[in-house]
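Report on the structure
Single-letter residue listing:
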Amino acid sequence: MSDNKSRAPKRVRNELRFRQITVAAKSKVAENFWRIDFTGDDLSGFVSPGFDDHIKLFFPDAATGVLNLPEVTADGVVWKEGARPLSRDYTPLWFDGVKNTLTLDFFIHDGGVASDWAERAQVGDPLAIGGPRGSTIVPEDYVFQLYVCDESGLPALKRRMETVEGEIRKVFAFVEEGCGRAYLDDLNGFDVSWLGSGKMQGESVQKLIDQLDTVQLPAEDYFIWLTGEGDAVKRLNDYFVIDRGCDENYVRAVAYWHQK
């Protein structure tokens, strides 16, 4: 498979732009996510071709409410007076290019900058976004596909599930089954193993690896997607690439957060 690069995911560059957007609607999904629609003229020309694209969200100053936007110059990104706001990476769930409406889902958890903002957000509140700076375009029709994530990866997984093809489609989700089924709504032929929330670490990761040992991997035409806590993602990536001998071009491992 390593000799055939035509089927490998491809990285593309997007124009770097910073946009100011406004909350247009807000609803709770699966009791564990805030789904927020944003609008704004700045969304004109926005693109997000990769299912697990990341845009950077910039939050207003908690004390003053001021939302500071940078400038893109020939020398790079310049923040006014050096004041760079708090930011977090999020996956665009949907974008309506006709009405310029962008939808993001925020997993609700204690002590999260983005989660806390989403909890308080009201229609009309401003937010700034940057990117996606680059996108990974992954073919949708690999015969064998395997996905591992926790709640942080569910929006990207939901987006992927809506369009993906392939004969064998497996998900191992560190999510409570009730939440996961309610959030994803339609599993679209995926075989999902629910591994419980907050368990993407230590012994639970080893138990997943033991389970993965029983999964027969094809010699070619596969894609493996690993997201979630950083140490767990690295461990799983090493398992597939080193222990199972998978081609690293077809194993996409991205840390969405790190255990403190």
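**A word on the pairing of strand β12 (residues 144-150)**
Side-chain direction in a regular strand flips from residue to residue, so the side chains alternate between the two faces of the sheet. In terms of residue burial, β12 counts as a mostly covered element, since seven of its seven residues are buried. Looking at chain direction, β12 and strand β13 (residues 168-174) are connected through seven bridges and run parallel. Its bridge partner being in β13, Gln145 is matched across the sheet by Arg169. Note that the unit made of β12, helix α2 (residues 154-161) and β13 has a crossover that is right-handed. The sheet contact formed by β12 and strand β15 (residues 222-229) spans five bridges and is parallel.

**A short note on the layout of surface pockets**
Of the volumes computed, that of the largest pocket is approximately 1,100 Å³. Those elements that provide at least two residues to the lining of the largest pocket are β7 (87-90), β9 (101-107), α1 (113-120) and β16 (251-257). Class assignment for the residues of the lining of the largest pocket results in twelve nonpolar, twelve polar and eight charged. Put simply, the second largest pocket is a space of about 420 Å³. Taken together, 21 residues form the lining of the second largest pocket, with Phe59, Pro60, Asp61, Ala62 and Trp117 sitting closest to its centre. Among the elements that make up the lining of the second largest pocket, the one with the highest residue count is α1 (four residues). Taken together, the residues of the lining of the second largest pocket sort by class into twelve nonpolar, four polar and five charged.

**Let's talk about α1**
Within α1, burial applies to Ala114, Ser115, Trp117 and Ala118. For α1, the buried positions fall inside an angular range of 165 degrees around the axis, keeping them on one side. Packing partners of the buried residues in α1 comprise β2 (18-29), β3 (33-39), β7, β9 and β10 (126-130).

**Points about the sheet that holds β9**
Spatially, the seven strands line up as an open sheet ordered β7-β4-β10-β2-β3-β9-β8, and their pairing is antiparallel. Two strands in the sheet have a free side with no partner beyond their single neighbour: β7 and β8 (94-96). When the angles between neighbouring strand axes are averaged without regard to direction, this sheet yields 35 degrees. Sheet topology note: the β8/β9 ladder contains three bridges and is antiparallel. Its bridge partner lying in β9, Asp96 is registered against Thr101. Contacting β2, β3, β7, β9 and β10, α1 crosses the sheet at an angle of about 75 degrees to β3.

**Some points on the environment of Cys179**
Mapped onto the elements, Cys179 comes out in helix α3 (residues 177-184). The spatial distance from the C-alpha of Cys179 to the C-alpha of Val138 is 27 Å, given a sequence separation of 41 residues. Apart from residues lying up to four places away in sequence, Cys179 is in contact with Ala30, Asn32 and Phe33.

Calculation rules
- Residues numbered from 1 in each chain as written.
- Predicted model: local features only at pLDDT ≥ 70, side-chain atom pairs only at ≥ 80, totals over all residues.
- Heavy atoms only, no water.
- Buried < 20%, exposed > 50% of the residue type's maximum accessible area, 1.4 Å probe, protein only.
- Helix = DSSP H or I, 4+ residues; strand = E, 2+ residues; numbered from the N terminus.
- Pairing = 2+ DSSP bridges.
- Right-handed = clockwise from strand over helix to strand, strands pointing away.
- 1 Å grid on protein atoms, 1.4 Å probe; cavity = no way out; pocket = protein on both sides within 12 Å on 5 of 7 lines; lining within 4 Å.
- Points joined across faces, edges and corners; volume = space filled by probe spheres on them.
- Nonpolar A, V, L, I, M, F, W, Y, C, P; charged D, E, K, R; others polar.
- Arc of directions from axis to C-beta.
- Contact = heavy atoms within 4.5 Å.
- Axes fitted to C-alpha atoms, helices over the stretch in contact; angles between N-to-C directions.

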